[in-house]
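Given next are the chains, with one letter for each unit.
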Amino acid sequence: MKLELKHTFDEKTFRHALNGHGVVLHCHHYMSLTTKLAEDFADLGAPRVLREATEDSIRPMLDSYIKEHGVASPEERLEVGRQYFAAMGMGTMEITGGASGGTATLKHSHVDEGWLQKWGPHDKPINHFTCGFVAAAFAAAFDKPARSFQVTESASMVMGAPASVLAVKPA
Amino acid sequence: MTVLRDQVVKSLVQVEVKANEDGLIPGFNVLVNQLPVAFWNTVAERLMAITPPERKAEMESSLVNCAYECGYHTGYGIITSPEFQSVVMPMVTEGAKDVLRGAFAVFTAWGWAKSGIVQIRDGERMVIRAVDYYEADGGGSGHRAYMVQGVSKAFMELAYAAPYPNGMNTFTCEQTQGIEVGDPHGEFVVTKK
């Protein structure tokens, strides 16, 4: 299965869309600083906000693609998530599993590599965005509501691991 | 001739944004991402919502700073890129002022805001007007174009402060009007500190 991507540009508003969903270009500085902001405001629960905002904003893109293209099997639906992740410039992800849980492994990661470029190694995982993305991918694959899956980063590039690994289990 | 924003935008949107085999989009000396506007707006809205009143100013300034640092580094990558050199530089006849106009044309082409410079006093003050920007779609209260504020300040520094990377914290930016609060456009005033 190859993800079909249609990019459009509105000549009146000058806004971009990918498969009908508004998108915008930003850079690893913005993502790294947003991730750092979440860490800095951890006492307010900001990392959770970042994860949940990701899950809630990515899910509509996955759901509409799955519906419009009649993607039926959970495996193919996870593949939709994997390919969207790459198309957005967020890296390469191997994602496997079932309704009882699974794993996502990042061989390349915009969040991790951007953080390493900007600040170097860190003492804890920082992939809040990807945790939210993977939660959305699993929930879309198995027709579950938001917050159905708990995603935990068990290995992290910013901590020196060769790949970031995210463990998925039902919430 | 000066920099014609719409002409620059039309040229730059032809440049295909496509991830490489590693799922990354290197360009302009940074890694680019292409995420839903709903993501950025939801993050800002919910972060502001969880912040107690006594820390709202701190959170707002942190959100602006995310875009400010991004705008400074990426902005430098943009104005020194081959794309900028080929599309914008042939139109530059007024030095730094035109480079700045070109940077805001790229700002528009990337989908940040349909914006332009309406007033500029060399090295001192600049007024940006945006008739459409995605942050206006976000929920919350008060002015909340954090990204436009941060990037406007950064671009002014790239044009008029000490040469990159030594020009940060020279200018400040205040949002004076916002579509999100019912004004017909967003307005951003950049002044020297």
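Look up a bit, the structure's there.
What you see is a predicted model, and the numbers here were worked out from it, not measured in a lab.

Peer 1: Quick one: what's the story with the interface of chain A and chain B, residue by residue and with numbers?
Peer 2: Listed as interface residues are 51 residues of chain A and, on the opposing side, 52 residues of chain B. Together, the buried faces of chain A and chain B total about 4700 Å²; carbon and sulfur atoms form 67% of this surface. Broken down residue by residue, the surface that chain A buries against chain B is led by Phe14(A), Leu25(A) and His26(A), which jointly contribute 16%. Here Arg15(A) makes a salt bridge to Asp137(B), at a shortest N to O gap of 2.6 Å.

Peer 1: Tell me about the side chain of Asn19(A), and name the residues and values.
Peer 2: Take Asn19(A): it is sitting in the loop between strand S2 (16-18) and strand S3 (21-27). From its side chain, Asn19(A) meets the backbone nitrogen of Lys6(A) in a polar contact 2.7 Å long.

Peer 1: Give a description of the packing of aromatic side chains that names residues and reports values.
Peer 2: Where two aromatic rings form a pair, the distance of their centres and the angle of their planes describe that pair. Tallying each qualifying case throughout the model produces 20 aromatic pairs over all chains. Consider the rings of Tyr65(A) and Tyr84(A), whose centres lie 6.0 Å apart with planes at 80°: the pair is edge-to-face. Placement of Tyr65(A) in helix H2 (residues 46-68) and of Tyr84(A) in helix H3 (residues 74-87) is noted, with a sequence separation of 19 residues between them. Between the aromatic rings of Phe104(B) and Phe107(B), the centroid separation amounts to 5.3 Å while the plane-to-plane angle is 45°, which identifies the pairing as tilted. Linking Phe104(B) with Phe107(B), this pair stays in helix H5 (residues 96-109), spanning 3 residues, or about one helical turn. Residue classification places Phe104(B) among the buried positions, given a relative accessible area of 1%. Every member of this aromatic cluster is reached through a ring pair, and the members are Tyr30(A), Phe85(A), Phe129(A), Phe133(A), Phe39(B) and Trp40(B). Here the basic side chain of Lys36(A) rests over the ring of Trp119(A), its NZ or CZ set 6.0 Å away from the ring centre. Above the plane of the ring of Phe14(A) lies Lys114(B), whose end atom (NZ or CZ) is 4.6 Å from the centre.

About the criteria used
Residues numbered from 1 in each chain as written. Chains lettered and ligands numbered in written order. Predicted model: local features only at pLDDT ≥ 70, side-chain atom pairs only at ≥ 80, totals over all residues. Heavy atoms only, no water. Contact = heavy atoms within 4.5 Å. Buried area = accessible area lost by both parts, 1.4 Å probe. Salt bridge = Lys/Arg side-chain N within 4 Å of Asp/Glu carboxyl O. Helix = DSSP H or I, 4+ residues; strand = E, 2+ residues; numbered from the N terminus. Polar contact = N/O pair within 3.5 Å; in protein donor to acceptor, adjacent residues only side chain to side chain. Phe/Tyr/Trp six-rings, centres within 6.5 Å; stacked < 30°, edge-to-face > 60°. Buried < 20%, exposed > 50% of the residue type's maximum accessible area, 1.4 Å probe, protein only. Lys NZ or Arg CZ within 6 Å of the ring centre and 35° of its normal.

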